[in-house]
Structures are given as C-alpha cells and as structure tokens.
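A structural walkthrough
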Amino acid sequence: MHLAYVMTETRGATDRLLTSLAEALDAKGIRLAGIVQSNTECSDETLCDMDVRVLPAGDTIRISQSLGAGARGCRLNPEALEQAVGQVTASLHSDPLPQVLIVNKFGKHEADGRGMRPVIGEALAQGMVVVSGVNRMNVEPFKAFSDGMAVAGATELDALVAWVEDALAEVWGKG
C-alpha cells in the first residue's frame, strides 16, 4: 500500500501543494484521479468559497455554501462533495486506469466514514498510489483509517513528486 498524507502550516498551502502535485504529475504523463481544491477569498476576509476540480480535467464544483451572517456551522455542502465523489469513483474504472489518486483533504466527512473515504479504500485496493491532504483535527482519524500504514508526505513539491514516482515504480513497474 502506498498512501501518503500531507499537512502544512499556512492556510491554503496544502491545497496549493496538491494542485501543483497534480500539475507536475500530469505533465509527466501520469494518469490521475481525485480532486484538488482552490479557495476564493470573500469580502469578509475570514471565509472563502471552496471549489474542487475533479482530476484529471473534470468539472469544478463549489463545495462550500453560504450559511448567512453570523452562522458558525460547517460550510461544507455535503451534496456537492458527494457529486465530486461520484465523479471520482466513476473515474477509478476508466480505461486506462488511473495510477494516482489525489484527495484534497481527509476531513470530518472522511473521519465519519463518508466523503472520499470509500474512494481512498477502493483506489488502494486497485493498487493506486494515494496522496491526501489532512488537517490537524483529523490526522488521528486518518492514521486510524490507514491502520498506521500511511506515511507523512513531504511538504516540498519536488520531494513529493519523487515519492510518488518511487511508489509508482514499485506498484506499476514504471515512474
């Protein structure tokens, strides 16, 4: 099993790292599945709109929702996330098969058994290399999910690309 998780300290840095990883791997001809996230700052300077792009070149889906002024709850739109999950799940059975699954974040939904969690399991069962973002709140649930088999991925792009290529060489016999 080749599963890595990445965590960064700066707001939005994990999203940017995983987007750059997807671009670098795609440029090398590596077949991708998954989602990467981009955030658009809003006028209130504390919240942002969250969009995910289905890899390799699929739809962009807004996964955040406005809850109104003063709202304190989770802004994730679970229906939109499940739309992205459905598209990624379908892509796992494309021809040719993807080699790498990139997941923007193992978050609360995944910790609770939903969201991209089943997709990660299916990708690993198919022998894909998987890289997922994770935040501090969900790192322990992620480690429990991976049964201690996941490795901490590098937070520098070149080192993360090298890890993926090494894992691909082991799994697929090529980088």
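Before reading further, recall that the structure is shown in the block above.
Structural notes, computed from the coordinates. Small disclaimer: the values here were computed from a predicted structure and weren't measured. (Residues numbered from 1 in each chain as written. Predicted model: local features only at pLDDT ≥ 70, side-chain atom pairs only at ≥ 80, totals over all residues. Heavy atoms only, no water.)

**Some details on the overall build of the protein**
- Per the secondary structure count, the protein includes 6 helices and 7 strands.
- Order of helices (α) and strands (β) in the protein, N terminus to C terminus: β-α-β-β-β-α-β-α-α-β-α-β-α.
- Taking contacts inside the protein between residues at least 6 apart in sequence as the whole, the part at least 24 apart equals 66%.
- With an accessible surface of roughly 8,700 Å², the protein has 51% of that area assigned to carbon and sulfur atoms. (Helix = DSSP H or I, 4+ residues; strand = E, 2+ residues; numbered from the N terminus. Contact = heavy atoms within 4.5 Å. Areas by Shrake-Rupley, 256 points an atom, 1.4 Å probe, with all protein chains shown as cover.)

**A closer look at the pattern of salt bridges**
- With the rule as written, the count across this model stands at 5 salt bridges.
- Close ionic contact of Lys108 with Asp112 constitutes a salt bridge, the shortest N to O distance being 2.9 Å.
- On the accessibility criterion, Lys108 (58% relative accessible area) is exposed.
- Close ionic contact of Arg114 with Asp112 constitutes a salt bridge, the shortest N to O distance being 3.9 Å.
- Residues joined by salt bridges that share partners form a network here, namely Lys108, Asp112 and Arg114. (Salt bridge = Lys/Arg side-chain N within 4 Å of Asp/Glu carboxyl O. Buried < 20%, exposed > 50% of the residue type's maximum accessible area, 1.4 Å probe, protein only.)

**Re helix α2 (residues 78-91)**
- Helix length check: α2 (14 residues) gives 20 Å between terminal C-alpha atoms against 20 Å at 1.5 Å per residue, within 8%.
- Buried within α2 are the following residues: Ala80, Leu81, Ala84, Val85, Val88 and Ser91. Along α2, the residues classed as buried sweep out an arc of 145° about the axis, all on the same side. (Expected span 1.5 Å × (residues − 1). Arc of directions from axis to C-beta.)

**Re the pairing of strand β5 (residues 100-106)**
- Among the 7 residues of β5, 6 are classified as buried, and the element is accordingly described as predominantly covered.
- Of the strand pairs in this sheet, β5 and strand β6 (residues 129-134) are connected by 5 bridges, and their pairing is parallel. Pairing of Phe106 across the sheet is with Val134, part of β6. (Pairing = 2+ DSSP bridges.)

**Considerations on the side chain of Thr14**
- Here Thr14 shows up in helix α1 (residues 13-27).
- Exposure remark for Thr14: the relative accessible area of 12% places this residue in the buried category.
- The residues contacting Thr14, other than those within four sequence positions of it, are Val6, Met7, Thr8, Asn104 and Gly133.

**Things to note about the nonpolar core**
- Grouped together as the largest cluster of nonpolar side chains are 30 residues, with contacts concentrated most on Leu101 and Ile120.
- Only β1 (2-6), β2 (32-41), β3 (48-55), α2, β5, α4 (117-125), β6 and α5 (139-145) provide two or more residues apiece to this core.
- Among the elements that take part in this core, α2 stands out by supplying 5 residues, more than any other.
- Look past the residues within four positions of Leu101 in its chain and what remains in contact with it is Ala33, Gly34, Val88, Val119, Ile120, Ala123, Val129, Val130 and Val131.
- Counting 19 residues, the second largest nonpolar core, distinct from the first, contains Leu17, Leu55, Val129 and Val161. (Core = buried A, V, L, I, M, F, W, Y, C linked by side-chain atoms within 4.5 Å.)

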